[in-house]
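Now for the letters of each chain:
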Amino acid sequence: MEGDQGAGAVPAAVLAAASRLIGFEIQFGPFAVAQLRLIAEMHALIPTGQIPDLRLYVTDTLGNPYVEDEKLAQILQPIARSRRETNAIKRGEPITVVIGNPPYKEKAKGRGGWIEQGSDGRGAPLDRWMPPAEWGVGVHAEHLKNLYVYFWRWATWKVFGTGLHASTGLEETDKAGIVCFISVAGFLNGPGFEKMRDDLRRSCHDIWVIDCSPEGHQPEVATRIFQAVQQPVCIVLAARMLNKSPEEPARVRWHALPEGRYEEKFAALAKLSLASTAWTDCPDGWRDPFLPAASGAWASFPVLKEFFLYDGSGIMPGRTWIIAPDSESLKKRWLRLTAEKDADKKELLFHPHLRNNAPGDKHVRKAISKGLAGQEERLQPVIDDQKTAIEPIRYGFRSFDRQWIIPDARLINQPNPTLWDSLSPRHVYLTAPEYRTPTAGPALTFTGLVPDSHHYNGRGGRVYPLWGDQSATQPKYQAHDADPLGEILWPAGQGRGCDGLHRCGHGTSCLHGALRARSRAARFACSVDSRCDLICGGHRPRPRSGLATLLWRALCRPGGKPTERLPASAKRQSSLHSRRGRHTLSTGASARHAGLRCRKPKTAALESPIPAP
Ligand SMILES: C[S@@+](CC[C@H](N)C(=O)[O-])C[C@H]1O[C@@H](n2cnc3c(N)ncnc32)[C@H](O)[C@@H]1O
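Cut-offs used in this document
- Residues numbered from 1 in each chain as written.
- Predicted model: local features only at pLDDT ≥ 70, side-chain atom pairs only at ≥ 80, totals over all residues.
- Heavy atoms only, no water.
- Helix = DSSP H or I, 4+ residues; strand = E, 2+ residues; numbered from the N terminus.
- Buried < 20%, exposed > 50% of the residue type's maximum accessible area, 1.4 Å probe, protein only.
- Contact = heavy atoms within 4.5 Å.
- Areas by Shrake-Rupley, 256 points an atom, 1.4 Å probe, with all protein chains shown as cover.
- Near = heavy atom within 4 Å.
- Polar contact = N/O pair within 3.5 Å; in protein donor to acceptor, adjacent residues only side chain to side chain.
- Nonpolar A, V, L, I, M, F, W, Y, C, P; charged D, E, K, R; others polar.
- Axes fitted to C-alpha atoms, helices over the stretch in contact; angles between N-to-C directions.
- Parallel < 35°, antiparallel > 145°, perpendicular 65-115°, else oblique.
- Salt bridge = Lys/Arg side-chain N within 4 Å of Asp/Glu carboxyl O.
- Core = buried A, V, L, I, M, F, W, Y, C linked by side-chain atoms within 4.5 Å.
- Pairing = 2+ DSSP bridges.
- Right-handed = clockwise from strand over helix to strand, strands pointing away.
- Phe/Tyr/Trp six-rings, centres within 6.5 Å; stacked < 30°, edge-to-face > 60°.
- pLDDT = per-residue confidence, 0-100.

### Focus: the overall build of the chain
And step 1. Each helix and strand counted, the chain has 20 helices and 17 strands in total.
And step 2. Of all 613 residues assigned to the chain, the portion counted as buried reaches 49%.
And step 3. Within the chain, contacts between residues separated by at least 24 positions form 71% of all contacts whose residues are at least 6 apart in sequence.
And step 4. Carbon and sulfur atoms provide 54% of the accessible area of the chain, an area that totals close to 29,200 Å².

### Brief notes about the site of the ligand
And step 1. What surrounds the ligand is the set Glu-25, Ile-26, Gln-27, Pro-30, Thr-59, Asp-60, Thr-61, Asn-101, Pro-102, Pro-103 and Phe-151.
And step 2. At a separation of 3.2 Å, a nitrogen atom of the ligand approaches a polar backbone atom of Ile-26.
And step 3. Interatomic distance of 3.0 Å between a backbone N/O atom of Thr-61 and a nitrogen atom of the ligand.
And step 4. Across the complex, the protein chains shield 62% of the 590 Å² of accessible surface that the ligand would expose by itself.
And step 5. Counted by class, the shell around the ligand contains 5 nonpolar, 4 polar and 2 charged residues.

### Details of the packing of helix H4 (residues 77-92) against helix H6 (residues 147-159)
And step 1. Contact geometry of H4 with H6 gives a least axis separation of 8 Å together with a crossing angle of 70 degrees. As the angle between them shows, H4 and H6 are arranged roughly perpendicular. Contacts between H4 and H6 involve Ile-89, Lys-90, Arg-91 and Gly-92 from the former and Trp-154, Trp-157 and Lys-158 from the latter.
And step 2. Each residue belonging to the contact of H4 with H6 can be placed in one class, and the counts come to 3 nonpolar, 1 polar and 3 charged.

### Digging into the pattern of salt bridges
And step 1. Under the criterion given, the structure shown has 22 salt bridges.
And step 2. Here Glu-215 makes a salt bridge to Lys-265, at a shortest N to O gap of 2.7 Å. Taken as a pair, Glu-215 in the loop between strand S5 (206-211) and strand S6 (233-240) and Lys-265 in helix H9 (residues 262-271) lie far apart in primary sequence, 50 residues in all.
And step 3. On the basis of relative accessible area, Glu-215 is assigned to the buried category, the value being 16%.
And step 4. Measuring nitrogen to oxygen at the nearest pair gives 2.7 Å for the salt bridge that ties Arg-410 to Asp-385. One end of the pair, Arg-410, is in the loop between strand S13 (401-405) and helix H13 (417-421); the other, Asp-385, is in the loop between strand S11 (358-359) and strand S12 (393-398), with 25 residues separating them in the sequence. This pair shows no difference in class: Arg-410 is buried, exactly as Asp-385 is.

### Digging into the nonpolar core
And step 1. Formed by 43 residues in total, the largest nonpolar core has its most connected members in Trp-152, Phe-187, Leu-188 and Ile-207.
And step 2. Elements represented by at least two residues in this core include exactly helix H5 (113-117), H6, strand S4 (177-184), helix H8 (194-203), S5, S6 and strand S7 (251-256).
And step 3. In this structure Ile-207 touches Leu-200, Arg-201, Val-236, Leu-237, Ala-238, Ala-250, Arg-251, Val-252, Arg-253 and Phe-290, once residues within four positions along its chain are discounted.
And step 4. Formed by 31 residues, the second largest nonpolar core is a distinct cluster that contains Leu-349, Tyr-395, Leu-411 and Val-450.

### Quick notes on the pairing of strand S2 (residues 55-58)
And step 1. As defined by bridge partners, strand S1 (residues 22-25) adjoins S2 across 4 bridges and the pair is classed as parallel. Following the sheet pairing, Gly-23 is matched in S2 by Leu-56.
And step 2. Between the parallel pair S1 and S2, the chain is carried across by helix H3 (residues 28-45), and the sense of this crossover is right-handed.

### Quick look at the packing of aromatic side chains
And step 1. Under the definition given, this model contains 11 aromatic pairs.
And step 2. On the numbers, 6.3 Å between centres and 70 degrees between planes, the contact of Phe-24 with Tyr-57 is edge-to-face. In this pair, Phe-24 sits in strand S1 while Tyr-57 sits in strand S2, placing the two residues 33 residues apart along the sequence.
And step 3. Residue class for Tyr-57 comes out buried when judged on its relative accessible area of 9%.
And step 4. Measuring from centroid to centroid gives 5.7 Å for Trp-152 and Phe-187, while their planes differ by 50 degrees, and the two rings are tilted. Here Phe-187 lies in the loop between S4 and H8 and Trp-152 lies in helix H6, a separation of 35 residues in the sequence.

### Considering the side chain of Lys-145
And step 1. Its location among the elements puts Lys-145 in the loop between H5 and H6.
And step 2. By relative accessible area, which is 18% here, Lys-145 ends up buried.
And step 3. Residues contacting Lys-145, with those up to four places away along its chain left out, are Lys-105, Glu-106, Lys-107, Ala-108, Lys-109, Glu-116, Leu-126, Met-130 and Tyr-150.

### Here's the deal with the sheet that holds S6
And step 1. If you trace the 6 strands from one edge of the open sheet to the other, you get S3-S4-S6-S5-S7-S8, paired in mixed fashion. Two strands lie at the open edges of the sheet, namely strand S3 (97-100) and strand S8 (280-281), each paired on one side alone.
And step 2. The strands touched by H6 are S3, S4 and S6; relative to S4, the strand with the most contacts, the crossing angle is about 175 degrees.

### Focus: the pairing of S13
And step 1. Residue alternation in S13 divides its side chains into a buried set, Asp-401, Gln-403 and Ile-405, and an unburied set, Arg-402 and Trp-404.
And step 2. Across 2 bridges, strand S9 (residues 323-324) lies against S13 in antiparallel orientation. Paired with Ala-324 across the bridge in S13 is Trp-404.
And step 3. Relative to S13, S12 runs antiparallel, the two sharing 5 bridges. When the sheet's bridge partners are listed, Arg-394 is paired in S13 with Trp-404.
And step 4. The antiparallel pairing of S12 with S13 creates a hairpin that spans 2 residues between the two strands, and Phe-400 there sits at a positive phi of about 65 degrees.

### Looking at the side chain of Ser-213
And step 1. Position of Ser-213 among the secondary structure elements: in the loop between S5 and S6.
And step 2. Looking at Ser-213, the relative accessible area reads 7%, which means it is buried.
And step 3. Reaching out from Ser-213, the side chain makes a polar contact with the backbone nitrogen of Val-233 at a distance of 2.7 Å.

### A short note on unusual backbone geometry
And step 1. Not every positive phi belongs to a glycine, and Phe-400 is a case in point at roughly 65 degrees.
And step 2. Residue position: Phe-400 is located in the loop between S12 and S13.
And step 3. For Phe-400, a relative accessible area of 16% corresponds to the buried category.
And step 4. The phi torsion at Ala-472 lies on the positive side, around 60 degrees, for a residue other than glycine.
And step 5. As for its position among the elements, Ala-472 is in the loop between strand S16 (462-465) and helix H14 (485-489).

### Brief notes about the confidence of the model for the chain
And step 1. Chain-level pLDDT for the chain is 79 on average; 75% of the residues reach the 70-or-more range.
And step 2. Taken together, the stretch residues 480-549 has pLDDT below 50 and engages in 157 contacts with residues farther than four places along the chain or on a different chain.
And step 3. Residue range residues 552-613 is modelled with pLDDT below 50. Its contacts to residues more than four positions away, or to other chains, number 151 contacts.

Structure follows, in structure tokens:
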């Protein structure tokens, strides 16, 4: 401004900007800091001028702007006035740009205020981002219940006016504007965010994505933009001009800051411009990730899911006291529960899953219709049960963290019956992350025990059972002769149909056969058979060693979509590949060494909420 119109023009420009700038903050502390910093900034710009009144408010951004003003006592009138002003801004003042660093809080169901709840019997603004059932990603929609997503939805509602009619009945008008947030990056490719990405592509002309965490999850603290945030962080700027056709997807561009210390990232940010040639175009499918498409050999690798007839969640116990490092503790905890005479205390000790403050999935008064396959069946409510605990069994709690569980369907919120139906000493389960490619360490782990839903490394994932039955004869993987995947698993020369490989009882080439074959893969078989957990590690088997090579390739892309973020491990493939033929078979002690980032086993959390008598 000074260079353009002279120093005399600065005070008026600052005053005009101040009148257009509005700030919302819910807490008094951060509000005071923001106010002080703005005043200091303005003072630096107009040292002799009068600092204008700032339009900063202590308010809940997500609150209902259509709510009737409550009657507050005279002494609280300043608060009432502030509330009226912010509601008027939220309802009626046109806003062209929203920028922010919204709070991040997962599992924030019930904390999204009006954005999540809506009002007057109308749909909530967040409903617009709920994926339709036919997309088959509903199970992931819970990830929308995150504070930063509520803020994204609030800002798009306010700036672009999307969903205004559905949430208020008001007429929608064509609006131009910009939303720019720095936030965690889950929405860039998470399946639960497909509708959000679809809506942003329909609402905007251009979307720019800056990957601030090229190091991936839980990087070194010195590399993080926000030192306390271990999740990948991104800056996303979504821009809409007038006359946007909802049938033309926005152009999405992506750029990653350099790996290294955060100072280097800030320096790169300072140099980056929207006109830079450094941006990479992302695919334009409505629901596609806001990430560049994978390319080269990586993109051609089959996805783990393609090898299996079934994959599902592991066991979701819903209460930690039914899991322990030893079976005796479990029996004592059960005894303590059954010995409790007071019904209310018993319910508390049970730790029921609450839904709307009432016991949900499992509670002490709930009778069930079926027990877990292969385990003692008790159908009556826990409150009527005075017997000793159903005999605990070993449990695949985490990779290399084998614990015990009470196999009682009355105690497990979501037991996933498919996994129990086929459970036997002959069974093997693979667990792997879904929609995330490991940036280091193994791509999957194997276990012979029924696995927890967080078995892979404490952060969700899928379970792929090798067998559909207890005798381990009905494969759950697609490797039959008749299957085209047979060509992938056993390419010419490797003897599709088991040449050189074990042919197992049911007469087709199969994964188990391959595991037992006299190849380097046989080492898997030994460990699996002896009931050890083991991992398929960061190695590359010798080229053309058949199944092991192909599985390794496939498994390095678990759950991957063609447009998945290319992980650091893929970028490093050439160096990995040069370490020829070295298998990494790890047992518990070396899991960390192998790079498997398990969360620290929650031993403390597993300690009984029911104290041992
Ligand atoms: C990640 S911090 C960002 C703070 C500051 N803007 C910055 O960039 O350093 C998120 C801020 O949002 C505020 N906040 C959280 N929920 C809010 C809400 N419902 N309405 C308004 N502000 C909220 C928090 O108090 C916190 O100060």
